[in-house]
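Fold and contact review
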Amino acid sequence: MAETLQRNLRRSPAIANGEVDLTILWNRPSAAGAYACAMETASADILIFAHCDVYFPENWFERLDWEVDRLTRLDSNWAAAASGGITSEGEVVGRTWDSSLAPLFPESAGLFGKALKIPVPIISFDEMAFIVRRNAGVTFDPLVPEFHLYGTDIALEAQRQGKTCYGLDMPLIHNAKAQLSLGPDYVRSYNYMVRKWRDRLPVATACGLLTRNPFALPLRRLRIRYKALFRTSTYSTQRILDPCAKARELGIDRLLAAPLMEAGALKSL
(Lines give C-alpha, C1' and ligand atoms only; values in the text may rest on other atoms or scores of the structure.)
Protein backbone atom coordinates (compact mmCIF):
# COMPACT_ATOMS: atom_id res chain seq x y z
CA MET A 1 0.00 0.00 0.00
CA ALA A 2 2.83 2.43 0.81
CA GLU A 3 4.40 1.82 -2.61
CA THR A 4 1.04 2.36 -4.32
CA LEU A 5 0.60 5.61 -2.39
CA GLN A 6 4.07 6.87 -3.39
CA ARG A 7 3.60 5.93 -7.06
CA ASN A 8 0.18 7.52 -7.42
CA LEU A 9 -1.48 9.88 -4.95
CA ARG A 10 1.73 11.41 -3.58
CA ARG A 11 2.98 12.06 -7.14
CA SER A 12 -0.02 14.23 -7.97
CA PRO A 13 1.62 17.58 -8.82
CA ALA A 14 -0.36 19.77 -6.40
CA ILE A 15 0.27 17.29 -3.57
CA ALA A 16 3.93 16.69 -4.43
CA ASN A 17 4.73 20.42 -4.42
CA GLY A 18 2.85 21.06 -1.17
CA GLU A 19 0.07 23.21 -2.59
CA VAL A 20 -2.55 20.74 -1.34
CA ASP A 21 -2.31 19.16 2.13
CA LEU A 22 -2.50 15.38 2.33
CA THR A 23 -3.67 13.40 5.36
CA ILE A 24 -3.07 9.63 5.31
CA LEU A 25 -5.45 7.38 7.21
CA TRP A 26 -3.85 3.96 7.80
CA ASN A 27 -5.01 0.83 9.61
CA ARG A 28 -8.59 1.85 10.36
CA PRO A 29 -11.36 -0.74 10.87
CA SER A 30 -13.57 0.93 8.25
CA ALA A 31 -13.41 3.71 5.67
CA ALA A 32 -16.60 5.35 6.91
CA GLY A 33 -15.33 5.45 10.48
CA ALA A 34 -12.01 6.96 9.41
CA TYR A 35 -13.70 9.54 7.19
CA ALA A 36 -16.22 10.47 9.89
CA CYS A 37 -13.31 11.27 12.22
CA ALA A 38 -11.62 13.29 9.48
CA MET A 39 -14.81 15.32 9.00
CA GLU A 40 -14.88 16.13 12.71
CA THR A 41 -11.30 17.36 12.87
CA ALA A 42 -11.05 19.13 9.50
CA SER A 43 -11.13 22.92 9.27
CA ALA A 44 -11.55 23.28 5.49
CA ASP A 45 -15.00 23.36 3.94
CA ILE A 46 -14.17 21.40 0.78
CA LEU A 47 -12.67 17.96 1.53
CA ILE A 48 -11.38 15.50 -1.07
CA PHE A 49 -11.40 11.81 -0.16
CA ALA A 50 -9.34 9.55 -2.40
CA HIS A 51 -7.86 6.07 -2.61
CA CYS A 52 -4.08 5.72 -2.55
CA ASP A 53 -4.06 4.48 -6.18
CA VAL A 54 -5.54 7.73 -7.54
CA TYR A 55 -3.39 10.25 -9.42
CA PHE A 56 -4.65 13.84 -9.78
CA PRO A 57 -3.12 15.26 -13.00
CA GLU A 58 -1.85 18.77 -13.59
CA ASN A 59 -4.69 21.35 -13.39
CA TRP A 60 -7.01 18.99 -11.46
CA PHE A 61 -7.23 21.15 -8.35
CA GLU A 62 -7.55 24.36 -10.37
CA ARG A 63 -10.46 22.69 -12.16
CA LEU A 64 -11.88 21.68 -8.76
CA ASP A 65 -11.91 25.31 -7.57
CA TRP A 66 -13.70 26.35 -10.75
CA GLU A 67 -16.22 23.50 -10.57
CA VAL A 68 -17.01 24.12 -6.89
CA ASP A 69 -17.59 27.82 -7.56
CA ARG A 70 -19.84 27.02 -10.53
CA LEU A 71 -21.75 24.31 -8.65
CA THR A 72 -22.34 26.53 -5.61
CA ARG A 73 -23.79 29.23 -7.84
CA LEU A 74 -25.96 26.61 -9.53
CA ASP A 75 -27.12 24.93 -6.30
CA SER A 76 -25.97 26.19 -2.91
CA ASN A 77 -27.61 23.13 -1.32
CA TRP A 78 -25.07 20.59 -2.63
CA ALA A 79 -23.30 18.27 -0.21
CA ALA A 80 -21.07 15.95 -2.28
CA ALA A 81 -19.72 15.61 -5.81
CA ALA A 82 -17.62 13.13 -7.75
CA SER A 83 -16.13 12.46 -11.16
CA GLY A 84 -17.35 8.85 -11.20
CA GLY A 85 -20.99 9.63 -10.46
CA ILE A 86 -23.96 7.30 -10.96
CA THR A 87 -27.28 8.81 -12.06
CA SER A 88 -30.71 7.49 -11.10
CA GLU A 89 -30.74 5.71 -14.50
CA GLY A 90 -27.47 3.93 -13.66
CA GLU A 91 -25.36 5.97 -16.10
CA VAL A 92 -21.72 6.73 -15.19
CA VAL A 93 -21.02 10.46 -15.59
CA GLY A 94 -17.63 12.14 -15.48
CA ARG A 95 -14.57 10.73 -17.22
CA THR A 96 -11.89 8.53 -15.62
CA TRP A 97 -8.98 6.47 -16.86
CA ASP A 98 -8.97 3.25 -14.81
CA SER A 99 -6.13 0.79 -15.46
CA SER A 100 -8.38 -2.19 -14.67
CA LEU A 101 -11.13 -1.08 -17.08
CA ALA A 102 -9.07 0.54 -19.85
CA PRO A 103 -9.12 -2.60 -22.10
CA LEU A 104 -12.91 -2.32 -22.27
CA PHE A 105 -12.81 1.17 -23.83
CA PRO A 106 -10.25 1.12 -26.67
CA GLU A 107 -12.29 3.59 -28.74
CA SER A 108 -11.62 6.34 -26.15
CA ALA A 109 -8.04 5.29 -25.26
CA GLY A 110 -9.36 3.80 -22.01
CA LEU A 111 -11.27 6.84 -20.77
CA PHE A 112 -14.79 5.91 -19.66
CA GLY A 113 -17.76 7.82 -18.28
CA LYS A 114 -19.91 10.45 -19.92
CA ALA A 115 -18.33 13.84 -20.65
CA LEU A 116 -20.33 16.66 -19.08
CA LYS A 117 -20.91 20.29 -19.96
CA ILE A 118 -22.59 21.05 -16.62
CA PRO A 119 -22.87 19.26 -13.25
CA VAL A 120 -25.44 16.43 -13.28
CA PRO A 121 -27.47 15.17 -10.27
CA ILE A 122 -26.35 11.73 -9.06
CA ILE A 123 -27.56 9.21 -6.49
CA SER A 124 -24.23 7.46 -5.77
CA PHE A 125 -20.60 7.53 -6.86
CA ASP A 126 -17.38 5.57 -7.09
CA GLU A 127 -15.37 6.05 -3.88
CA MET A 128 -12.01 6.26 -5.69
CA ALA A 129 -12.17 10.08 -5.36
CA PHE A 130 -14.98 12.40 -4.30
CA ILE A 131 -15.65 15.76 -2.68
CA VAL A 132 -17.70 16.55 0.41
CA ARG A 133 -18.73 20.07 1.44
CA ARG A 134 -18.35 20.00 5.21
CA ASN A 135 -20.62 23.00 5.84
CA ALA A 136 -23.52 21.10 4.25
CA GLY A 137 -23.80 19.24 7.56
CA VAL A 138 -23.77 15.73 6.08
CA THR A 139 -21.20 13.24 7.32
CA PHE A 140 -20.28 9.55 7.13
CA ASP A 141 -22.00 6.82 9.11
CA PRO A 142 -19.20 5.21 11.17
CA LEU A 143 -21.29 2.03 11.44
CA VAL A 144 -20.95 1.24 7.72
CA PRO A 145 -18.54 -1.73 7.97
CA GLU A 146 -15.42 -2.46 5.94
CA PHE A 147 -14.40 -0.40 2.89
CA HIS A 148 -17.36 -0.50 0.52
CA LEU A 149 -20.51 1.52 -0.23
CA TYR A 150 -19.73 4.36 2.16
CA GLY A 151 -19.98 6.77 -0.77
CA THR A 152 -23.46 5.51 -1.59
CA ASP A 153 -24.37 5.86 2.06
CA ILE A 154 -23.35 9.52 2.36
CA ALA A 155 -25.10 10.29 -0.94
CA LEU A 156 -28.33 8.73 0.36
CA GLU A 157 -27.89 10.52 3.68
CA ALA A 158 -27.54 13.82 1.83
CA GLN A 159 -30.74 13.11 -0.06
CA ARG A 160 -32.54 12.23 3.18
CA GLN A 161 -31.50 15.59 4.62
CA GLY A 162 -32.71 17.48 1.56
CA LYS A 163 -29.22 18.01 0.13
CA THR A 164 -27.98 17.24 -3.37
CA CYS A 165 -25.03 15.41 -4.96
CA TYR A 166 -23.55 16.01 -8.41
CA GLY A 167 -21.40 14.36 -11.01
CA LEU A 168 -18.55 16.51 -12.35
CA ASP A 169 -16.35 15.97 -15.39
CA MET A 170 -12.89 16.09 -13.78
CA PRO A 171 -10.77 13.37 -15.42
CA LEU A 172 -8.16 11.59 -13.29
CA ILE A 173 -6.12 8.38 -13.24
CA HIS A 174 -7.32 5.45 -11.14
CA ASN A 175 -4.35 3.09 -11.18
CA ALA A 176 -6.29 0.08 -9.94
CA LYS A 177 -6.11 -3.69 -10.27
CA ALA A 178 -9.28 -5.50 -11.26
CA GLN A 179 -11.10 -7.19 -8.39
CA LEU A 180 -12.25 -10.57 -9.68
CA SER A 181 -14.42 -11.43 -6.69
CA LEU A 182 -16.73 -9.86 -4.12
CA GLY A 183 -15.50 -11.09 -0.77
CA PRO A 184 -17.20 -11.43 2.63
CA ASP A 185 -16.11 -7.87 3.48
CA TYR A 186 -18.23 -6.55 0.61
CA VAL A 187 -21.14 -8.77 1.74
CA ARG A 188 -20.99 -7.21 5.22
CA SER A 189 -21.10 -3.69 3.77
CA TYR A 190 -23.88 -4.63 1.37
CA ASN A 191 -26.06 -6.27 4.04
CA TYR A 192 -25.69 -3.28 6.36
CA MET A 193 -26.76 -0.94 3.57
CA VAL A 194 -29.79 -3.09 2.71
CA ARG A 195 -30.92 -3.04 6.34
CA LYS A 196 -30.38 0.71 6.68
CA TRP A 197 -31.85 1.85 3.37
CA ARG A 198 -34.46 -0.87 2.74
CA ASP A 199 -37.23 1.64 2.08
CA ARG A 200 -35.08 3.59 -0.41
CA LEU A 201 -33.85 0.68 -2.54
CA PRO A 202 -33.04 -0.20 -5.27
CA VAL A 203 -30.07 2.13 -5.85
CA ALA A 204 -27.49 1.85 -8.61
CA THR A 205 -23.88 1.88 -7.40
CA ALA A 206 -20.45 1.59 -9.02
CA CYS A 207 -20.34 -2.10 -8.01
CA GLY A 208 -23.85 -3.03 -9.13
CA LEU A 209 -27.40 -2.65 -7.95
CA LEU A 210 -28.11 -2.35 -4.24
CA THR A 211 -31.44 -4.10 -3.78
CA ARG A 212 -33.68 -5.86 -1.24
CA ASN A 213 -33.79 -8.94 -3.48
CA PRO A 214 -32.01 -11.58 -1.34
CA PHE A 215 -30.80 -13.50 -4.39
CA ALA A 216 -29.23 -10.56 -6.25
CA LEU A 217 -25.88 -10.44 -4.46
CA PRO A 218 -25.26 -14.23 -4.24
CA LEU A 219 -25.99 -14.54 -7.97
CA ARG A 220 -23.70 -11.62 -8.79
CA ARG A 221 -20.88 -13.13 -6.71
CA LEU A 222 -21.30 -16.49 -8.45
CA ARG A 223 -21.32 -14.86 -11.88
CA ILE A 224 -18.17 -12.85 -11.15
CA ARG A 225 -16.40 -15.90 -9.71
CA TYR A 226 -17.40 -18.09 -12.66
CA LYS A 227 -16.02 -15.57 -15.13
CA ALA A 228 -12.77 -15.31 -13.14
CA LEU A 229 -12.30 -19.10 -13.13
CA PHE A 230 -13.52 -20.17 -16.55
CA ARG A 231 -13.30 -17.23 -18.93
CA THR A 232 -10.42 -15.09 -20.13
CA SER A 233 -10.70 -11.81 -18.27
CA THR A 234 -11.31 -8.64 -20.25
CA TYR A 235 -10.09 -6.61 -17.27
CA SER A 236 -6.50 -5.74 -16.39
CA THR A 237 -4.97 -6.93 -13.13
CA GLN A 238 -1.80 -4.85 -13.59
CA ARG A 239 -1.20 -1.30 -12.46
CA ILE A 240 0.78 1.03 -14.71
CA LEU A 241 4.24 2.16 -13.61
CA ASP A 242 3.88 5.87 -14.41
CA PRO A 243 0.43 7.48 -14.02
CA CYS A 244 1.94 10.89 -14.74
CA ALA A 245 3.09 9.74 -18.20
CA LYS A 246 -0.33 8.19 -18.88
CA ALA A 247 -2.09 11.44 -17.96
CA ARG A 248 0.17 13.37 -20.36
CA GLU A 249 -0.34 10.77 -23.10
CA LEU A 250 -4.12 11.15 -22.78
CA GLY A 251 -3.91 14.94 -22.61
CA ILE A 252 -5.88 15.01 -19.37
CA ASP A 253 -4.15 18.22 -18.24
CA ARG A 254 -5.53 19.96 -21.34
CA LEU A 255 -9.00 18.44 -20.83
CA LEU A 256 -9.02 19.84 -17.30
CA ALA A 257 -7.72 23.24 -18.36
CA ALA A 258 -9.99 23.80 -21.38
CA PRO A 259 -13.06 25.33 -19.65
CA LEU A 260 -10.83 27.32 -17.31
CA MET A 261 -9.00 28.91 -20.23
CA GLU A 262 -12.30 29.72 -21.91
CA ALA A 263 -13.43 31.43 -18.72
CA GLY A 264 -10.09 33.20 -18.29
CA ALA A 265 -9.44 31.35 -15.03
CA LEU A 266 -6.16 29.76 -16.16
CA LYS A 267 -3.21 31.04 -18.15
CA SER A 268 -2.51 29.48 -21.54
CA LEU A 269 -0.52 26.24 -21.43
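A brief look at the structure comes next. (Residues numbered from 1 in each chain as written. Predicted model: local features only at pLDDT ≥ 70, side-chain atom pairs only at ≥ 80, totals over all residues. Heavy atoms only, no water.)

Along the protein chain, the regular secondary structure elements total nine helices and 14 strands. Over its C-alpha trace the protein chain gives a radius of gyration of 18 Å, about what one expects of a compact globule, namely 18 Å for 269 residues. Burial statistics for the protein chain: of 269 residues in total, 48% are counted as buried. In the protein chain, of all internal contacts separated by at least 6 residues, the share reaching a separation of at least 24 is 76%. For the protein chain, the exposed surface amounts to about 13600 Å²; the carbon and sulfur share of it is 53%. When the 32 positive and 29 negative side-chain charges of the protein chain are each reduced to one mean point, those points stand 6 Å apart. (Helix = DSSP H or I, 4+ residues; strand = E, 2+ residues; numbered from the N terminus. Rg over C-alpha atoms; globule rule 2.2 N^0.38 Å. Buried < 20%, exposed > 50% of the residue type's maximum accessible area, 1.4 Å probe, protein only. Contact = heavy atoms within 4.5 Å. Areas by Shrake-Rupley, 256 points an atom, 1.4 Å probe, with all protein chains shown as cover. Lys, Arg positive; Asp, Glu negative; His and termini not counted. Charge placed at Lys NZ, Arg CZ, Asp CG, Glu CD.)

The next subject is the packing of aromatic side chains. In the structure shown here, the tally under the stated rule is 14 aromatic pairs. Seen in terms of ring centroids, Y35 and F49 are 4.4 Å apart; in terms of plane orientation they differ by 45°. Their pairing is tilted. Linking Y35 in helix α3 (residues 31-41) with F49 in strand β1 (residues 46-50), this pair joins segments that are 14 residues apart in sequence. Residue classification places Y35 among the buried residues on the basis of a relative accessible area of 10%. Here F49 falls in the buried class, since its relative accessible area comes to 6%. Seen in terms of ring centroids, Y35 and Y150 are 5.6 Å apart; in terms of plane orientation they differ by 80°. Their pairing is edge-to-face. Linking Y35 in helix α3 with Y150 in helix α5 (residues 150-160), this pair joins segments that are 115 residues apart in sequence. No difference in accessibility class separates Y35 from Y150, as the two residues are buried. Taking NZ or CZ as reference, R133 lies 5.4 Å from the ring centre of W78, over its face. (Phe/Tyr/Trp six-rings, centres within 6.5 Å; stacked < 30°, edge-to-face > 60°. Lys NZ or Arg CZ within 6 Å of the ring centre and 35° of its normal.)

Per the stated rule, a full pass over the model turns up twelve salt bridges. With a closest N to O distance of 2.9 Å, E67 and R63 form a salt bridge. Of this pair, E67 and R63 both sit in helix α4 (residues 60-74), four residues apart, which is roughly one turn of the helix. Taking relative accessible area as the criterion, E67 reaches 1% and is therefore assigned buried. The residue R188 makes a salt bridge to E146 at a minimum N-O spacing of 2.9 Å. Of this pair, R188 sits in helix α6 (residues 184-196) while E146 sits in the loop between β10 (129-133) and α5, and the two are 42 residues apart along the sequence. Using a relative accessible area of 44% as the deciding quantity, one classes R188 as partly exposed. It is possible to trace a salt-bridge network through shared partners that takes in R63, E67 and R70. (Salt bridge = Lys/Arg side-chain N within 4 Å of Asp/Glu carboxyl O.)

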